Amino acid sequence: AHQWRGVLAEYSDHLPFSSTDTLLSLGEGGTPLVAAPALSAKVGAEVHIKVEGQNPTGSFKDRGMVSAMSKALNDGATTVVCASTGNTSASAAAYAAAAGLTCVVLLPEGKIAAGKLAQAVVHGAKLVQVQGNFDDCLEIARKLDAEHPVELVNSVNPYRLQGQKTAAFEIVDALGAAPDLHLLPVGNAGNISAYWMGYQEYREKGISDSVPRMWGFQAAGAAPFVAGRPILDPETVATAIRIGAPASWDLAVAARDDSGGSIDAVTDEQILAAQALLAAEVGIFVEPASAAGVAGLLQKAEQGLVPAGARIVITVTGNGLKDVDTALSGRDLTPTVIPVDISAAAEAMGL
Ligand code: F0G
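Reading the values: rules and limits
- Residues numbered from 1 in each chain as written.
- Predicted model: local features only at pLDDT ≥ 70, side-chain atom pairs only at ≥ 80, totals over all residues.
- Domains from an automatic or database assignment.
- Helix = DSSP H or I, 4+ residues; strand = E, 2+ residues; numbered from the N terminus.
- Nonpolar A, V, L, I, M, F, W, Y, C, P; charged D, E, K, R; others polar.
- Buried ≥ 20, exposed ≤ 12 C-beta atoms within 10 Å, placed from the backbone.
- Contact = placed C-beta atoms within 7 Å.
- UniProt positions renumbered as here; feature names shortened; annotations may be inferred.
- Near = placed C-beta within 6 Å.
- Axes fitted to C-alpha atoms, helices over the stretch in contact; angles between N-to-C directions.
- Parallel < 35°, antiparallel > 145°, perpendicular 65-115°, else oblique.
- Pairing = 2+ DSSP bridges.
- Left-handed = near helix turned anticlockwise from the far one by under 90°.
- Core = buried A, V, L, I, M, F, W, Y, C linked by C-beta atoms within 7 Å.

**Q** What should I look at first to understand the domain arrangement of the chain in this one?
**A** It is common to give the size of an interface as the accessible area lost on bringing the parts into contact. Segmentation of the chain into domains returns domain 1 (7-59 + 160-328) and domain 2 (61-156). Measuring from the centre of the C-alpha atoms in domain 1 to the corresponding centre in domain 2 gives 22 Å. For the side of domain 1 that touches domain 2, the secondary-structure elements that each account for two or more residues are α1 (7-10), α7 (158-164), α8 (166-175) and α9 (190-204). For the side of domain 1 that touches domain 2, the leading source of residues is α7, giving five residues. Residue composition of the side of domain 1 that touches domain 2, by class: 17 nonpolar, 16 polar and eight charged.

**Q** What exactly am I supposed to notice about the environment of Val294 here?
**A** By the secondary structure assignment, Val294 is in helix α13 (residues 292-302). Val294 sits in the buried class, given 29 other C-beta atoms within 10 Å. Contacts of Val294, omitting those with residues within four sequence positions, involve Ala274, Leu277, Leu278 and Ile314.

**Q** Teacher, can you tell me more about the UniProt feature "domain: Rhodanese" (unreviewed entry) in the chain here?
**A** This chain's UniProt record puts "domain: Rhodanese" (unreviewed entry) on residues 80-123. The span residues 80-123 is 50% helix and 25% strand, and its two end C-alpha atoms sit 14 Å from each other.

**Q** Just checking my understanding: could you explain the site of the ligand for this structure?
**A** Inspection of the region around the ligand gives 22 residues, with Ser84, Gly187, Asn188, Thr317 and Gly318 positioned closest. Elements that contribute at least two residues to the shell around the ligand include exactly α4 (87-99) and α9. Residue classes in the shell around the ligand are distributed as six nonpolar, 14 polar and two charged. Per-domain counts for the shell around the ligand show at least three residues from each of domain 1 (7-59 + 160-328) and domain 2 (61-156).

**Q** Hey, could you run me through the packing of helix α12 (residues 268-282) against α13 in this one?
**A** If you want to describe how two helices pack, look at the angle between their axes and the distance between the axes. Contact geometry for α12 and α13: axes closest at 8 Å, N-to-C directions at 100°. Taken together, α12 and α13 sit at an angle that is classed as roughly perpendicular. Contact with α12, carried on its side by Gln270, Ile271, Ala273, Ala274, Leu277 and Leu278, involves Ala292, Val294, Ala295, Leu298 and Gln299 of α13 and no other residues of that element.

**Q** Teacher, can you tell me more about the sheet that holds strand β3 (residues 79-83) here?
**A** Backbone-to-backbone hydrogen bonds pair the strands of a sheet. The strands run either parallel or antiparallel. In spatial order, the strands read β5-β4-β3-β6; together these four strands make up an open sheet with parallel pairing. One side of each edge strand has no neighbouring strand; the edge strands of this open sheet are β5 (126-130) and β6 (151-152). Both β3 and β6 contribute to a ladder of two bridges, which runs parallel. Bridged to Val81 within β6 is Leu152. Across the sheet, helix α6 (residues 134-147) lies against β3, β4 (102-108), β5 and β6, angled at about 155° from β3, the strand it touches most.

**Q** Help me understand the packing of α8 against α9, please; the structure alone is not making it clear to me.
**A** Between α8 and α9, whose axes approach to 7 Å, the crossing angle comes to 50°. The angle between the axes of α8 and α9 places the two elements in the oblique class. Crossing geometry of α8 relative to α9 is assigned as right-handed. Listed contacts from α9 to Thr166, Ala167, Ala168, Phe169 and Val172 of α8 are Tyr195, Gly198, Tyr199 and Tyr202. Looking at the contact of α8 with α9, its residues break down into seven nonpolar, two polar and no charged.

**Q** Got a minute to help me understand the nonpolar core in this structure?
**A** Soluble, globular proteins show a tendency: their nonpolar side chains are buried together. Residues Met69, Val80, Ala92, Val105, Ala292 and Ile314 are the most contacted members of the largest nonpolar core, which totals 99 residues. The two domains that each donate at least three residues to this core are domain 1 (7-59 + 160-328) and domain 2 (61-156).

Right under this line is the structure:
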């Protein structure tokens, strides 16, 4: 039986590595594209969910990280650095461990979901919490890269987007064609840029006939693309996308405009409602930021902007287990406690 070899080996024809390069893999990519009949029925279209929380460290970041880390390894780097809202640092820490490299991460103090922090810690990264937001962390990381012998593995490193574009390849490979619409959350804007690159490359190579319109969604309190300028004090419950000055600004604007798409805002309430709906009606548990695309779809449907019967892919970017505190907040967790007794169990369960 064929075992998935990770994105660098599976898509080597489309990536900037040579046959003599060492290619890392933790088995990233090859994630499921799941039909979502409950969402399809709600919006009158054909909705598929690309479940990126199934990656080795539980987010889409692994696709780009395996690429950036392999490049750093082949270049003889010994230390990698990144700024992160949590997932990039979890992924960098894991792939640095696999590569035998030292990993240093800069995190906004107090704004990292516990699961992500745990990942960076157990994989042995050196953690520094900065008294600022992600944008402050990235500025420091860029300067460290310029002034010290360290390799920056944020998505400003072009190898990150190269790896991440493989998600678009997988979608076209699975559907046999590009979808009509692709929806996803937008934070630092690397992912929307990478998907657009991947879709365009497949069309240029004649593997697909078309490209989708790209619909990106930001949290309302952290929506610089909607404002048309950086946001100084980004705030949202979706800490993964709590970003005010996205690094891939121009690439994301090109993805939006060249695809005939849009980047809109959804509120924290919409995000949390979409997270709950995905869990309860589709069967997929995602972290809050990851639900922004689903929140966006429902908003577009309410505005009458979802074409009837359109083929839609929504990327859900990270696993719900990374941030159980947010998922459980506001829910009644009082347990129903019974003695060891079958009739008490039956009664408690309303049977
Ligand atoms: N969803 C999740 C779960 C994320 O962690 C991120 C970004 C995004 C969406 C947005 O993707 O930045 O490519 O537009 N997280 C980064 C991090 C910033 O540090 O983990 P983007």
